[in-house]
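Each chain, written out:
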Amino acid sequence: MFAPLQNDSFLRACLRQPTEHTPVWLMRQAGRYLAEYRETRAKAGSFMGLATNTAFATEVTLQPLERYALDAAILFSDILTVPDAMGLGLSFAIGEGPRFAHPLRDEADVAKLAVPDMDKLRYVFDAVTSIRKALETTTDAQGRRVGRVPLIGFSGSPWTLACYMVEGAGSDDYRLVKTMLYRRPDLMHRILEINADAVALYLNTQIEAGAQAVMVFDSWGGVLADGAFQEFSLAYNRRVLKQLRREHAGARIPHIVFTKGGGLWLEQIAQGVDGVAPDVIGLDWTMNLGTARARVGPGTALQGNLDPNVLFAGPDTIAREARRVLDTYGAHAPGSGHVFNLGHGISQHTPPEAVSVLVDTVHEVSRRIRAGG
């Protein structure tokens, strides 16, 4: 059993319930912009050495919470752990990013693909449980142990995983994966079916281990053409959502979907099928939050969407742009359903003090607005 939460504003906002302030967390909030992260990674010896070690993964997950008054923690891991468990051989070369030793290039490769045994990802689930316990570091007025903030679990989307699995690494033009999509759509659908079922199982196991919300990163959904997005990304995100636990241990588990470059399809992303839709849609920085809110309607919360490069400006500009995001969302009454975040992951070059300005501004301004100030 885990302790109750001291600060549940993030979960409440995801479910469009009243909050005293707009909650804020940042994609990649545990990362290379923090000196303490770099020190821990040096001790681990490599990125995978960091991610597969329960103690290290717990330590770096908590590091940004020691610096900033963030309203959620997010599991430190990588979106490519699932295809690694499928046997594709993940590695991280310095300066090159992730790479697979055995990419999927033909029918024989795809025929060998299967949903992995979750025991191969035990290090992820052990880290989830460890982080939940480590977050129980404070006591309430009655002297009971309480969790500081909720923990978010995550996975890459079926399509985004497929991009890496076919390309073998990151890509500028997605030539190999799109060639397969158009020449052999049957193979692509087979990959996506397996990926969707694996992602759903992976996220459900994170929930069982202690994750209090889960997020699907559809980082490359926006590279698809209209029509192809619906067939090869959206359909499989929905397949994941239909299988996800909505409750665990008596608590509602919010589901978040972030499709970078997905503004064209907001209504379809929010609509869902068979009564199953994301509770929260993450938005990149190109979207106007007020417009997005009008398009998706009152039943869906929104997350975002400050341009990460604003954090390279001075304190006054950061505060002004944070206020602009809050104002653009509009309707600041409690329960409006906004989770403040960046429109993409924080840059490794971000000055750490800029994050302090951002988090403090979001809290102060949103509290003042709710108070009628």
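Because the structure is a prediction, the values reported are computed rather than measured.

Thresholds applied
Think of each chain on its own: its residues are numbered from 1, step by step along the sequence as written. Totals for whole chains, interfaces and linings use every residue, but because this is a predicted model, local features are given only for residues with pLDDT of at least 70 and side-chain atom pairs only at 80 or more, for both listing and counting. Side-chain descriptors were evaluated using all non-hydrogen atoms of the structure, hydrogens and water having been removed beforehand. Between any two strands, at least two bridges found by DSSP are needed for them to pair. Each helix corresponds to a stretch of at least 4 residues labelled H or I by DSSP, and each strand to a stretch of at least 2 residues labelled E; elements are numbered beginning at the N terminus. Residue contacts follow a heavy-atom distance rule, with two residues in contact if any of their heavy atoms lie within 4.5 Å. Fitting a line to C-alpha atoms yields each axis, with helices limited to the stretch in contact; the angle taken between N-to-C directions then spans 0 to 180 degrees. Summary of the burial criterion: residues with accessible area below 20% of their type's maximum are buried, those above 50% are exposed, and those between are partly exposed, where the area comes from a 1.4 Å probe applied to protein chains only.

**What about the sheet that holds strand β1 (residues 73–74)?**
- On the basis of which strands lie adjacent, the open sheet formed by 7 strands has the order β1-β6-β7-β10-β11-β12-β13 and parallel pairing. Only two strands of the sheet have a single neighbouring strand rather than two, namely β1 and β13 (338–339).
- Sheet topology places strand β7 (residues 213–218) next to strand β10 (residues 255–259); 5 bridges connect them, and they run parallel. Its bridge partner being in β10, methionine 215 is matched across the sheet by isoleucine 256.
- Helix-sheet contacts for helix α10 (residues 185–209) involve β6 (151–156) and β7, and the interaxial angle to β6 is about 165°.

**Looking at the pairing of β6**
- Within β6, 6 of the 6 residues are buried, which leaves it mostly tucked inside the rest of the structure.
- Residue alternation in β6 divides its side chains into two sets, Leu151, Gly153 and Ser155 and Ile152, Phe154 and Gly156, and both sets are buried.
- Here β1 pairs with β6 via 2 bridges, running parallel. For alanine 73, the partnering residue across the bridge sits in β6 and is leucine 151.
- The sheet contact formed by β6 and β7 spans 5 bridges and is parallel. Looking at the pairing, glycine 153 lines up with valine 214 of β7.

All we've got here are geometric facts, nothing functional implied.
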